[in-house]
Amino acid sequence: GNNSIVFVCDETVRAAIEKVGIDYDIAREYDITGCYAAYIQDAVPICSTYLNIMKPLEYTISGGYDAVTGNPVGLKTSTDFESYDAFYNCYLLQLKECLESVTEIEYAMSEFTSYINPQSLLSGVTLSSIENGIDILGGGATRANTTVCCGGIANVCDSLAAIRELVFESKR
């Protein structure tokens, strides 16, 4: 196996945790886990949702249709953009819609997670699960720490820069 050393800015991580409504006393006891994610103790540490953020760009270009299947998937939008700003704002709308969709699906699936994938070991070392006698994924945690992992960030940045330059500025 391989290991790595991770340096994080403790003050920044705590501030980010507090920004989502977690008290300072709880935020200061966070742990770094897995792929360098901040884990709030007594929370459900799940990252089961992944979003390729190139798909909303595809939906922006195609007016909300999947390029492979041809099915309407994203928001139905125009494909005629007067400016890059209009194009980019449409991308942000498609991205927001995708994030809302995957979040909705994640919440719907979360009620079944403890049946599909019970976490006996994690529940046995999580204070609130021990006190309640409930699996951490089935309501034993005091709070959720579920995240959406976004992939394709470099690709979408490169693509947006190329579209801006070639389509809207150079008009090639």
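In case you missed it, the structure is sitting above this.
What you are looking at is a predicted structure, and each value in this text was computed from that prediction instead of being measured.

Okay, helix H3 (residues 54-62) next. Residues of H3 that are buried include every one of Pro-56, Leu-57, Glu-58, Tyr-59 and Thr-60, and no others. Looking at the buried residues of H3, the elements they touch are strand E4 (49-52), helix H4 (84-110) and helix H8 (153-169). In the segment just after H3, Gly-63 is the residue with positive phi, at about 75°.

Okay, the packing of H4 against H8 next. Axis separation between H4 and H8 bottoms out at 10 Å; the angle between their running directions is 155°. By the angle between their directions, the pair H4 and H8 is classed as roughly antiparallel. Taken as a pair, H4 and H8 cross one another with a handedness that is right-handed. Only Val-156, Leu-160, Ile-163, Arg-164 and Phe-168 of H8 make contact with H4, whose side of the interface consists of Tyr-84, Phe-87, Tyr-88 and Tyr-91. Grouping the amino acids of the contact of H4 with H8 by side-chain chemistry returns eight nonpolar, no polar and one charged.

Turning our eyes to something else, we now look at the pattern of salt bridges. Inspection of every chain in the model, using the stated rule, returns six salt bridges. The closest approach of N and O atoms between Arg-28 and Asp-25, which form a salt bridge, is 3.8 Å. We note a salt bridge from Lys-55 to Glu-58, for which the minimum N-O separation is 3.1 Å. Of this pair, Lys-55 and Glu-58 are both found in helix H3, three residues apart, which corresponds to roughly one turn of the helix. With relative accessibility at 23%, the residue Lys-55 sits in the partly exposed group. Salt bridges sharing partners connect three or more residues here, namely Lys-55, Glu-58 and Asp-66.

What counts as what
- Residues numbered from 1 in each chain as written.
- Predicted model: local features only at pLDDT ≥ 70, side-chain atom pairs only at ≥ 80, totals over all residues.
- Heavy atoms only, no water.
- Buried < 20%, exposed > 50% of the residue type's maximum accessible area, 1.4 Å probe, protein only.
- Helix = DSSP H or I, 4+ residues; strand = E, 2+ residues; numbered from the N terminus.
- Contact = heavy atoms within 4.5 Å.
- Axes fitted to C-alpha atoms, helices over the stretch in contact; angles between N-to-C directions.
- Parallel < 35°, antiparallel > 145°, perpendicular 65-115°, else oblique.
- Left-handed = near helix turned anticlockwise from the far one by under 90°.
- Nonpolar A, V, L, I, M, F, W, Y, C, P; charged D, E, K, R; others polar.
- Salt bridge = Lys/Arg side-chain N within 4 Å of Asp/Glu carboxyl O.

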